[in-house]
Amino acid sequence: MTFFRNRRNLSLLLLVGIVLIGGGGGAATACKLWLNCHTHATPALVNEIQNYQGKSSGIKVDRPDLAVVTVAKGFTYPTDFAFLDDSHILVAERDGRILSVTTAGVVSPTPVLDLRPRIDERYFRGVLGFAIDPDFKAHPYIYVVYTPRMGGAKAVSTIVRVSRFTMVGGRADPRSERVIVGKDDSRPCEAQPTSADCLPSSLDVDGSDIAFGSDGTLFISTGFGGGLEHVEHSATLAQDVNTLGGKLLHIDRDGRGLPDNPFWNGDPSANRSKVWAVGFRNPFRFGQVKSDPLTFLVGNVGWDWRESIYRVTRGGDYGWPCYEGLMRTPEYNVTAFCREYYRANPKPPTGVWLQISHPKAITMVAGPALEQATKLPADLRGDFLFADWGRGDISVASPERGEHASTVTRIAHNAGGPDRFRVGPDGALYYLAANSGELRRVSQK
């Protein structure tokens, strides 16, 4: 049975389909999850989304020179993976396990890290992403972004946590956890001072992604929390540099802000000292621009109107909640906050690199730049890859000189819920198909 939510009377909807991986949003459907439905989601669109999400296997390539093989399968809603070395891959499942997999496809039965007793996976929650320290010999750490179970088994989490775990002998003990961002978890972020070290998870817009810069510092994307999008104050916190939600953060290994950050105030523990860019709704995945290691292409899962990728630079503002992509957000443009915002910012954000209107896109997943993908056809190696979890499409965009993507080409569809892409040490493209629980490899035939 399918129910609808109308924001104007705030009735809840339950959309039945395949469970969405942590961090999604947009006009998605999910099993056993309360969602914010799009105001403009027609029954036909809901059926279309459900149809796409039901296609969990049998990827179809749009280029005859591409081959796709399954590396490993049997995962339960995998949300992230990373290469530990040339022959081992770590795969995170939404419910809290991180498993070791060889590149030959052998999955170890013993988890590298098991956080299941700590994980709240309701709504879009769970393990949202993780990163392996690039200087692993000196710093044998895994950094995990997840939603903890707070206040007992029946309580609903209201925060996101970024924690560091130490690996010893191929395993990470949960007791080695050190929370580096999101320590203030006693109450929802909205109920705490703006200075609290709190990452919001009010319902369904949690983000998040995490990656190391070339200098060994961490970048973390955060959603504004969701669930309270009808409450002006909640959404506008994405513009407040003293809060951590709706941002791209830049910190060191211990969670401290850095002096080169644009809002640095001299205190490395201050929220504003950790902020690199502001104004995001749900930046679920991002990729680095290889030619400029301090520029990122950040995929933003939209609300009613647009799926976007922003070209994000130091100190940038990407407009949420007053802009969604290049357009003024209709649901917010009449609010006092956005009227004032438009007076100060009459033009849309300059960093909108790509935008696609609903329902042509549903849930944006930004992938990597393909410069290092030597096992792909040569004409793809100057492109940036992105996908749509809800539709199951995989596409590339060819950038022109300037801010915007010039052309978009779909290279595969029916991809089984793609939610993470990485270029492997072998030069092939790897991705997770969340719907079918598979890790797949894409290369030139």
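Residues numbered from 1 in each chain as written. Predicted model: local features only at pLDDT ≥ 70, side-chain atom pairs only at ≥ 80, totals over all residues. Heavy atoms only, no water.

This brings us to the sheet that holds strand 16 (residues 218-225). Taken in spatial order, the four strands make up an open sheet running 15-16-17-18, and their pairing is antiparallel. Two strands in the sheet have a free side with no partner beyond their single neighbour: strand 15 (205-212) and strand 18 (275-278). Across the sheet, the mean angle from the axis of one strand to that of its neighbour is 15°, orientation sign disregarded. Examined bridge by bridge, strand 16 and strand 17 (residues 247-251) share four bridges and lie antiparallel to one another. Bridge pairing in strand 17 links Phe219 to His250. (Pairing = 2+ DSSP bridges. Helix = DSSP H or I, 4+ residues; strand = E, 2+ residues; numbered from the N terminus. Axes fitted to C-alpha atoms, helices over the stretch in contact; angles between N-to-C directions.)

Within this structure, the stated rule accounts for two disulfides. One disulfide in the model links Cys189 with Cys198; its S-S distance is 2.1 Å. Disulfide Cys189-Cys198: the torsion about the S-S bond is -90°, which places it as left-handed. Take Cys189 and Cys198: they sit in the same class, and that class is buried. Paired through a disulfide, Cys322 and Cys338 show a sulfur-sulfur distance of 2.1 Å. (Disulfide = S-S within 2.5 Å. Buried < 20%, exposed > 50% of the residue type's maximum accessible area, 1.4 Å probe, protein only.)

Inspection of every chain in the model, using the stated rule, returns 20 aromatic pairs. Note on Phe83 and Tyr430: the rings are 5.1 Å apart at their centroids and 75° apart in plane angle, and the pair reads as edge-to-face. With Phe83 in strand 5 (residues 78-83) and Tyr430 in strand 30 (residues 429-433), this residue pair connects regions lying 347 residues apart in the sequence. We classify Tyr430 as buried; its relative accessible area is 4%. In textbook terms, an aromatic cluster arises when at least three aromatic residues are bridged by ring pairs, as seen for Phe219, Trp276, Phe286 and Phe296. The ring of Tyr141 carries Arg164 above its face, with NZ or CZ at 4.3 Å from the centroid. (Phe/Tyr/Trp six-rings, centres within 6.5 Å; stacked < 30°, edge-to-face > 60°. Lys NZ or Arg CZ within 6 Å of the ring centre and 35° of its normal.)

This part is about the pairing of strand 30. For strand 30, the buried fraction is high: five of the five residues fall into the buried class. Because side chains alternate across strand 30, one face comprises the buried residues Leu429, Tyr431 and Ala433, and the other comprises Tyr430 and Leu432, equally buried. Judged from the five bridges that link them, strand 29 (residues 418-423) and strand 30 form a sheet pairing that is antiparallel. Looking across to strand 30, one finds that Arg420 is bridged to Leu432. Remark: five residues form the turn of the hairpin made by strand 29 and strand 30, two consecutive strands paired antiparallel; Gly427 in that turn has positive phi of roughly 90°. Bridge count for strand 30 against strand 31 (residues 438-444) is five bridges, and the pairing is antiparallel. In the sheet register, Leu429 faces strand 31, and the bridge partner there is Val442. Counting the residues that bridge the hairpin from strand 30 to strand 31 gives four residues, and of these Gly437 lies at a positive phi of roughly 65°.

Another point: unusual backbone geometry. The amide bond that connects Gly207 to the next residue, Ser208, takes the cis arrangement and shows omega of 5°. With respect to the helices and strands, the residue Ser208 is situated in strand 15. Positioned with a positive phi, Tyr77 is a non-glycine residue whose angle comes to about 50°. Relative to the helices and strands, Tyr77 is located in the loop between strand 4 (66-73) and strand 5. Look at Tyr77 and you get partly exposed, because its relative accessible area is 27%. Of note, the phi angle at Asn414 is positive, near 55°, even though the residue is not glycine.

Counted residue by residue, strand 21 (residues 306-312) has six buried out of seven residues, so it is predominantly covered. Across five bridges, the pairing between strand 20 (residues 292-300) and strand 21 is antiparallel. Note on strand 21: the bridge partner recorded for Asn300 is Ser308. Between the antiparallel neighbours strand 20 and strand 21 lie five residues. The sheet contact formed by strand 21 and strand 24 (residues 352-357) spans five bridges and is antiparallel. Considered in strand 24, the bridge of Ser308 is made with Gln355.

Its place among the elements puts Ser395 in strand 27 (residues 393-399). What makes Ser395 buried here is its relative accessible area of 8%. Apart from the residues lying within four places of it in its own chain, the contact partners of Ser395 are Phe384, Leu385, Phe386, Val408, Thr409, Arg410 and Ile411. (Contact = heavy atoms within 4.5 Å.)

What follows is about the sheet that holds strand 19 (residues 283-289). What the four strands build is an open sheet, ordered 19-20-21-24; its pairing is antiparallel. The sheet terminates laterally at strand 19 and strand 24, the two strands that pair on one side only. Each adjacent strand pair in this sheet contributes to an overall mean axis angle of 15°, direction not counted.

As for its placement among the helices and strands, Ser443 is situated in strand 31. Given the relative accessible area of 10%, Ser443 is considered buried. A distance of 3.4 Å separates a polar atom in the side chain of Ser443 from a polar atom in the side chain of Arg441. In this structure Ser443 touches Asp65, Leu66, Ala67, Lys375, Leu376 and Ala428, once residues within four positions along its chain are discounted. (Polar contact = N/O pair within 3.5 Å; in protein donor to acceptor, adjacent residues only side chain to side chain.)

Attention now moves to the confidence of the model for the protein chain. Overall, the predicted model of the protein chain reaches an average pLDDT of 85, with 83% of residues at or above 70. Between residues 1-42, whose pLDDT stays under 50, and residues either more than four places distant or in other chains, the model counts 152 contacts. (pLDDT = per-residue confidence, 0-100.)

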